[in-house]
Every structure is written in structure tokens, then in C-alpha cells.
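Chain residues, written in single-letter form:
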Amino acid sequence: MVALKEGYDLAAEVRYWKQKRNAVILAHNYQVPEIQDIADYVGDSLGLSYRAKETDADVILFCGVHFMAETAKIVNPSKTVILPDLEAGCSLSESCPAESLHEFLQANLDKNYYVIAYINCSAGVKALSDVICTSGNAVKIVQSAPANRNILFVPDQNLGAWVMEKTGRKMDLWRGACYVHVEFTKNSINAVRELYPEAPVVAHPECTYAVRLLADEICSTEKMVSYCRQSTAETFIIVTESGMLHRLKKEVSGKKFIPGPTDKCACADCRFMKKNTLEKVRDALECLAPEISLPETLRKRAELPILRMLELSL
Ligand code: 13P
Ligand code: SF4
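Residues numbered from 1 in each chain as written. Chains lettered and ligands numbered in written order. Predicted model: local features only at pLDDT ≥ 70, side-chain atom pairs only at ≥ 80, totals over all residues. Heavy atoms only, no water.

Student: Got a sec to walk through the sheet that holds strand S3 (residues 59-63)? Specific residues and values, please.
Tutor: Taken in spatial order, the four strands make up an open sheet running S2-S1-S3-S4, and their pairing is parallel. Single-partner strands in this sheet number two, and they are strand S2 (41-43) and strand S4 (80-82). Strand-to-strand twist across the sheet, computed as the mean angle between neighbouring axes with direction ignored, equals 20°. Two strands pair when backbone bridges link them, and strand S1 (residues 23-28) and S3 are joined in this way by five bridges, in the parallel orientation. Bridging from a neighbouring strand, Ala23 pairs with Val59 of S3. Each of S1, S2 and S3 is contacted by helix H3 (residues 45-54), which is oriented at about 170° to S1, the strand it contacts most. (Pairing = 2+ DSSP bridges. Helix = DSSP H or I, 4+ residues; strand = E, 2+ residues; numbered from the N terminus. Axes fitted to C-alpha atoms, helices over the stretch in contact; angles between N-to-C directions. Contact = heavy atoms within 4.5 Å.)

Student: Tell me what's going on with the packing of helix H4 (residues 66-75) against helix H15 (residues 296-313), and back it up with residues and numbers.
Tutor: Two elements in contact, H4 and H15, have axes separated by 9 Å at closest approach and are oriented at 95°. Taken together, the axes of H4 and H15 lie roughly perpendicular to each other. Between H4 and H15, the residues in contact are Thr71, Lys73, Ile74 and Val75 and Arg299, Ala302, Glu303 and Ile306, respectively. Residue composition of the contact of H4 with H15, by class: four nonpolar, one polar and three charged. (Parallel < 35°, antiparallel > 145°, perpendicular 65-115°, else oblique. Nonpolar A, V, L, I, M, F, W, Y, C, P; charged D, E, K, R; others polar.)

Student: Give me unusual backbone geometry: which residues, what numbers.
Tutor: Following Val154, the chain continues to Pro155 via a peptide bond in cis, the omega torsion being -15°. Position of Pro155 among the secondary structure elements: in the loop between strand S7 (151-154) and helix H9 (157-167). Look at the link from Ala289 to Pro290: it is a cis peptide, with omega at -5°. In this fold, Pro290 is placed in the loop between helix H14 (278-287) and H15. Located in the positive-phi region is Asn22, a residue other than glycine, with phi close to 50°. Of note, Asn22 is situated in the loop between helix H1 (10-20) and S1. Residue Asn22 is classed as partly exposed on the basis of its relative accessible area, which comes to 37%. The phi dihedral of Asn112 is positive, around 45°, even though this residue is not glycine. Of note, Asn112 is situated in the loop between helix H6 (98-107) and strand S5 (114-118). Here Asn112 falls in the partly exposed class, since its relative accessible area comes to 47%. (Buried < 20%, exposed > 50% of the residue type's maximum accessible area, 1.4 Å probe, protein only.)

Encoded structure:
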């Protein structure tokens, strides 16, 4: 690992190692701008899952959080999958340990649950699920669930509640939440709306009900790009993690994007997404570590509900 000198072209070094390793760099919309700028593909969890499955590169460098890199390994096991920082976790994933879900399902066998898991969960939780969804396809996935089964939706209660509103389908919800999106409040969003009364509020479905009520559009991070591109509005209030603004500014030219504030900050950062840096990206490519690996039996069991999702979302 090379120490940084002044004027050192880190991006060029990343490109060098990327080519040498025959790697593809997949980055989530919440990554820091310099990582988004060097990535082969920047997108939401759904788009990233498709890209990870399709790639013929030898190495997938996943710039996102652990469950995303793990999903890439599950759907493309012959590839070396690396994550710049193994501590890039997710509060939603943590809120639903596989052991707790297993115990819950055992204690409620009479319900014969059809388990729909938001992709923000561990391989262990995926392995206990019937189908996976992302914020981009959750409505479609819930609509396709068997009509005669009770649904248990894990782990995000806010996304789950929003999908219930959209589909009219009753579901039992795991009580997990994203620590970033629940920081937006009715007051914090109303305060910014007063400053930009003409600007549509575009919010992620992980936000609370009180915030969702104020939104003009509720959608996944990928859909935010197409919504803002197609809208006739010139200014938008973007109620999600701050990394999203870089992608929007880059791809939707001539429009203005205001970050949704919280009660404490002018914007919201996910401390897990922000663990990854360009230095760590370079080091990961150079050392091919930290690498994601998981037992084959677990991988195979976790793959089934992901493949079901990918088929249902086409
Ligand atoms: P998207 O799938 O909409 O990108 O959301 C992922 C996420 O982690 C939101 O907090
Ligand atoms: Fe997880 Fe929330 Fe961070 Fe998304 S923003 S990775 S849901 S903690």
C-alpha cells in the first residue's frame, strides 16, 4: 500500500489496478463523489444486483455496504468480490439478526408466513426468506405474493408500511429501521419547504410516515434520477442520504437539488456508506481484500429468493 504524496493521482492508480485485476467497480448512489466518478456503474440496490450477476470481470469491487457486496457474491459466486471496508454495515440489516428471525418463524409456525425480505439484510436472513425485494421493486414483489399466505415483511417497518399503503396488502412488519432515514422529521422537511415552496419533495420509502406524507414522490434512489429528469420542476428537495445529490447533479443538468435536512444537520450521511474511500478502493484492488466469502450451503439457499426477485422484476 503506497502512502499518498501531494499531487498524487489516486484515481489513475485505481484505474491501473482495476485494469490489472480485470475488475468492475460497482458503486451505490450514496458513495462519495470521487468513488462514483471512478465506478463503471452507479445505481440502486436493484440495478447493482443485476450488474453483479451479469458481469464477466474476474473481480467485483463493490463500493457500497456489506449486504450489497454479499448479494453480489451470492449471485456470482465464481468471482472474487471485494468491499473497500468490511465495517461498512447497515443499521437495517443489524436490526434483524438471522437467529432472531429463525426464532420468530419457529414460534409462529401456525402463520405459515411467506417471508419477503428487503435486500438490506444478511445472507442468513435471505436464506430464511421466500423472496427478496428492493425499494425499486417492493410494490411489484408484494403484489406477486400468494394471495392465500400471511406475509411477514423484514426488516424495514417504514418501507413495509409504505408498500402496504400502495398495495392494500396486509403484512406483519419486522420493527427495523434505517437510522439515517428516520432522522428526517416533519419539522425539518417543513422548514426546507418554506424556503423552496415550489420544489417537489422526493423521499425514500425508508422515511417515516410523517415525512412520507409531505412527499410529492416516494421512490428508490434510481427512480429519483428519472423522476427529476422528467419533471418540469427546476428545484427538488431530496430526502435521502447525501451521496444521492452528486449523481443527480451530474446526470440531471440545469436543475437544482436541495438536500433534505434533519433536525441536527443540513443533510444526512450514512456512516456505513461513508466508510469507503478512494484510498481504500485502491488498496482493495491492489491486495484483493477484504474479500467476501460465505459457506456454499448458505449461499445457495440465499440465492433462491434473490433469483426469484430478479425474475419477477424483469
Ligand atoms: P436503494 O435501493 O433505493 O438505492 O436504497 C438502498 C438503501 O440502502 C437506502 O438506504
Ligand atoms: Fe443501511 Fe440506512 Fe445506510 Fe442504507 S442508508 S445502508 S439502509 S444504514
